[in-house]
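These are the residues of each chain, in order.
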Amino acid sequence: MNFAIESVSKCSGRLGKLNIKNAFSNVTLPTPALVLHSKGGSVPFLSKEVLQYLTSDPPPMLHSLTNTDHMEEAIRACGEGISSFVGQKDSISLLVLKDPAELCKPSFHEKDFVPIFSRSGRKNFTSERYMQLVEAFKPDVFVPLFDGDTDPESSKKRLQKSLDRTEKFVEQCIEAHRKSTNLKQSSLLGPIVGGYNLKLRKESVKFLEPFKDDLGGYVIAGLHSNGSSAGDLKESNLLEVVSHACQLLPADKARFMFGAFSPGIVLKLVSNGIDVLDTSYAYLKTQQNRALTFSFDVHEKDVESRETELDVRDPKWTEDFNGFIESCSCLACTKHTKAYAHHLYNTREMLGPIILMIHNLHHYLEFFKAIRKHVKEDTLSLLIEHLQKQKDAPLFEETSTDKAKSDLMDSGDNVTKKLKV
C-alpha cells in the first residue's frame, strides 16, 4: 500500500492517492476516501449487482472480525482469502476487529487476549490465534490485534492498560507478519490508542516509530464504542485528539478512522488530516428508517429550511410522489417515491431498506466527491458553514394509531410465521 500526497491545503486537509494492490487488481483511491462498511462479506441490503449501480469501480470493502469470524473454516477451505470467498475478488479488503456500526459489548479484559463478540458468542483472541485467522482471510489491509475498547468515560488506569496491551499485541503481530509467506502482499495499519489522553496518544505514536517500514498507514482508534456512540461525542474533545495525533504521525502514510460520524464531524476530521473513513453512517441511518437529504452544494439557496434527513415512517409522506431528493440521480430517487418508501415501511416489505440503502450510500459517496473538490480548492470551510445552516430532522414519534397499525402488522407477521412452521 502506497500513499502519495497531491496537495496540502491551509485549512481543508489534504488530497492524495492511495494505491493498494492484490492478486487480482491494482486499485487507486483518491483521498479523502470511503471504504464500504460490510456485514458477513457484503454491503448490507445490497447485492453485488445493485452495488454496481452505485460505483463502477471495484469498491474497497471493510470486513470486521465480529461478523466474519464464523466464516473462517469455509474461507480456509476456499484457499483464496475473504475477497474471493464473498465474490468480490477485484475489491480491496480491509480487516478490522470490530464492526464500526455495532455498539461494543462491555467485557472483562485480560493481558493476553482481546475479547471478540460474534454471532457464535464471545471468543478470546490471542495474537497467535488472530494471526492464524488473518492468514486464512488474506486481507489486503488489516489491523493487528489491539485493545481499543476505550471511550470518553475510560479512566486513566484503563487507558494505560489499553496502551500497554496494544504495544504487546502489535509487536507480536508485526513479528508474525514478517515471517508469513501468505501475507507478503498485505499491508498493516498501526493503531494509535490512548483515549482522550494526549500524553498517551503521543506514547502510542512513539512506540510505532521503529515499525514505520512495516506499516502501510495508521488508524486512530479508542475514541468511542462504535455504533451510535460515534455520533454522541463532544466535538471539541474529539478534534483535539485527532489533530494532536495527526500532527505526530508521518505525513507520507495514510490515516484511517472508522465510525458512524455525522457529516459535520466528517468534514472536520478531514480538515484535521484524516484520509480514509467508512460508510457505517449510511447503514445506521437506513436501520433507523431515515433517508439522508442534507445538501452539499454550497451554491444552493435557502438551505436554512432544509432538513438533513427524513423519516419514512412519517405519515406526511403518504401522498408525496417525489424521490427523497428531487435532484438526486440514484436508482431509488429516479424509480421510487417517498410515498412508496412509506408504504414499504408500513407493510414491512424487504424492499424498504434496500431502497433506503441505495439512496443513502449514493448520497454519501457523492458527498465525498464534493469533499475532495473543496479540499482541492481549499474551500472546505464553506461546505462546513453550508452544512451548519441546515436543520437536523426531529425524531419521529409514532402516534397511538400508528403504533396500533404497527402492532397489528407485527402480529400478522407472527401468525404467518407460525402457519409456515
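About the criteria used
Chains are numbered independently. Their residues run from 1 in the order of the written sequence. Confidence filtering applies because this is a predicted model: local features only for residues at pLDDT of at least 70, side-chain atom pairs given and counted only at 80 or more, and all residues used for totals across whole chains, interfaces and linings. The side-chain numbers reported here are obtained from all heavy atoms of the structure, hydrogens and water having been left aside. UniProt positions are given in the numbering used here, feature names are shortened, and annotations may be inferred rather than shown by experiment. Helical segments are the DSSP runs of H or I of at least four residues, strand segments are the runs of E of at least two, and each set is numbered from the N terminus. Under the convention used throughout, the expected extent of a helix is 1.5 Å for every residue step, that is, one less than its residue count. Three exposure classes are used, based on accessible area relative to the maximum for each residue type with a 1.4 Å probe and protein chains only: buried under 20%, partly exposed in between, and exposed over 50%. By definition, two strands form a pair when at least two bridges between them are found by DSSP. Convention adopted: a line fitted to C-alpha atoms gives each axis, helices being fitted over their contacting stretch, and angles between N-to-C directions are expressed from 0 to 180 degrees. Residue contacts are counted whenever heavy atoms from the two residues lie within 4.5 Å of one another. Pairing of aromatic side chains requires ring centres within 6.5 Å, counting the rings of Phe and Tyr and the six-membered ring of Trp. Pairs whose planes differ by under 30 degrees are stacked, by over 60 edge-to-face, and all others tilted. For this analysis, a nonpolar core means a set of buried residues of the types Ala, Val, Leu, Ile, Met, Phe, Trp, Tyr and Cys, connected via side-chain atoms within 4.5 Å. Call a crossover right-handed when, viewed with both strands pointing away from you, the route from the first strand across the helix to the second goes clockwise. Think of a salt bridge as a Lys or Arg side-chain nitrogen and an Asp or Glu carboxyl oxygen that are within 4 Å of each other. The arc in question is the one spanned by the directions pointing from the helix axis to the C-beta atoms. Side-chain atoms alone can form a polar contact between residues adjacent in sequence; in general such a contact is a pair of N or O atoms within 3.5 Å, and within protein one must be able to donate a hydrogen while the other accepts it.

Looking at an unreviewed UniProt entry, one finds the protein named Queuine tRNA-ribosyltransferase accessory subunit 2, with Aedes albopictus as its source organism. Recorded in UniProt for the protein, the comment headed Sequence similarities (unreviewed entry) runs: "Belongs to the queuine tRNA-ribosyltransferase family. QTRT2 subfamily." As recorded by UniProt, the Subunit (unreviewed entry) comment attached to the protein reads in full: "Heterodimer of a catalytic subunit and an accessory subunit."

Peer 1: Which parts of the structure should I look at to understand helix H7 (residues 235-248)?
Peer 2: Counted at 1.5 Å a residue, the expected span for H7 with its 14 residues is 20 Å, and the 20 Å between its end C-alpha atoms agrees. Among the residues making up H7, those that are buried are Leu 238, Leu 239, Val 241, Val 242, Ser 243, Ala 245 and Cys 246.

Peer 1: How do you make sense of the sheet that holds strand E1 (residues 2-8) when you look at a structure like this?
Peer 2: Strand pairs in the sheet, formed through backbone hydrogen bonds, run parallel or antiparallel to each other. Strand order across the open sheet formed by three strands is E1-E2-E3, with antiparallel pairing between neighbours. Looking at the sheet topology across the chains shown, the edges are occupied by E1 and strand E3 (26-31). Within this sheet the neighbouring strands show an average axis-to-axis angle of 15°, counted without direction. As judged from the six bridges shared by E1 and strand E2 (residues 14-21), these two strands associate in the antiparallel manner. Across the sheet, the residue bridging to Ser 7 is Leu 15, located in E2. Here helix H12 (residues 351-377) sits on the sheet in contact with E2 and E3, set at roughly 125° to E2.

Peer 1: Help me understand the packing of aromatic side chains in this model?
Peer 2: The relative placement of two aromatic rings is captured by the distance of their centres and the angle of their planes. This model, assessed by the stated rule, comprises ten aromatic pairs. Both rings, one in Phe 367 and one in Phe 368, keep their centres 5.9 Å apart while their planes meet at 90°; by these two values the pair is edge-to-face. Accessibility classification places Phe 367 together with Phe 368 in one group, the buried group. Aromatic ring contacts, followed pair by pair, group Tyr 281, Phe 294, Phe 296, Tyr 364, Phe 367 and Phe 368 into a single cluster.

Peer 1: Teacher, can you tell me more about the nonpolar core here?
Peer 2: One recurring pattern in soluble globular proteins: nonpolar side chains tend to sit buried together. Among the nonpolar cores identified, the biggest contains 65 residues, and Phe 261, Leu 269, Phe 324, Phe 367 and Ile 371 are the most heavily contacted of them. Among the nonpolar cores identified, the runner-up in size contains 56 residues, and Ile 20, Leu 95, Phe 169 and Tyr 218 belong to it.

Peer 1: I tried to follow the pairing of strand E5 (residues 61-64) on my own but got confused; where do I start?
Peer 2: The two faces of a sheet get side chains in turn, since along a regular strand they alternate between them. Covered by surrounding structure in E5 are Met 61 and His 63 together with Leu 62 and Ser 64, the residues of both alternating faces. Inspection of the sheet shows strand E4 (residues 33-37) paired to E5 by two bridges, in the parallel sense. Note that in E5 the partner of His 37 across the bridge is Leu 62. A crossover links E4 with its parallel partner E5, the connecting element being helix H1 (residues 48-54), and its sense is right-handed. With four bridges connecting them, E5 and strand E6 (residues 93-96) associate as parallel partners. Across the sheet, Ser 64 pairs through a bridge with Val 96, a residue of E6.

Peer 1: Sorry, what's going on with the environment of Lys 268 here?
Peer 2: Topologically, Lys 268 is positioned in helix H8 (residues 263-271). Residue Lys 268 is classed as buried on the basis of its relative accessible area, which comes to 17%. Considering only alpha carbons, one finds Lys 268 and Ser 236, 32 residues apart in sequence, at a separation of 10 Å. Contact partners of Lys 268, with chain neighbours within four places excluded, come to Glu 235, Leu 239, Ile 384 and Gln 388.

Peer 1: What's the story with the side chain of Ser 187 in this structure? I'm lost.
Peer 2: Tracing the backbone through its elements, the reader meets Ser 187 in strand E10 (residues 187-192). For Ser 187, a relative accessible area of 9% corresponds to the buried category. In contact with Ser 187, other than residues within four places in its own chain, are Met 1, Asp 140, Val 141 and Phe 142.

Peer 1: Explanation requested: unusual backbone geometry in the structure shown.
Peer 2: Across the chain, the bulk of peptide bonds are trans and the bulk of non-glycine residues have phi less than zero. Of note, the amide linkage connecting Thr 31 to Pro 32 takes the cis form, showing an omega dihedral of 5°. Among the secondary structure elements, Pro 32 is positioned in the loop between E3 and E4. Within the chain, Asn 226 stands out as a residue other than glycine whose phi angle is a positive 65°. As for its position among the elements, Asn 226 is in the loop between strand E11 (215-220) and H7.

Peer 1: How do you make sense of the pattern of salt bridges when you look at a structure like this?
Peer 2: This structure, assessed with the given rule, holds 23 salt bridges. Lys 179 serves as the salt-bridge partner of Glu 175, at 3.9 Å between the closest nitrogen and oxygen. Placement of the pair is Glu 175 and Lys 179 together in helix H5 (residues 156-179), with a separation of four residues, close to one helical turn. Arg 290 is the salt-bridge partner of Glu 309, the closest N and O atoms lying 2.4 Å from each other.

Peer 1: Honestly, helix H6 (residues 198-208) in this entry has me stumped. Any pointers?
Peer 2: For the α-helix, the turn length of 3.6 residues means that residues three or four positions removed from each other point alike. Listed in full, the buried residues belonging to H6 are Leu 200, Arg 201, Ser 204, Val 205, Phe 207 and Leu 208. Summarising the axial view, the buried residues of H6 lie within an arc of 160°, below the 170-degree limit, and thus occupy one face. Opposite its buried face, H6 presents the exposed residues Lys 199, Lys 202 and Lys 206, each directed more than 90 degrees away. At the N-terminal boundary of H6, the capping side chain belongs to Asn 197, with an oxygen 3.0 Å from the backbone nitrogen of Lys 199.

Peer 1: Help me understand the environment of Arg 158 in this model?
Peer 2: Structurally, the position occupied by Arg 158 is in helix H5. Residues Arg 158 and Gly 195 lie 37 residues apart in sequence; the distance between their C-alpha atoms is 9.3 Å. The contact partners of Arg 158, leaving out residues within four places of it in the chain, are His 109, Asp 147, Asp 149 and Thr 150.

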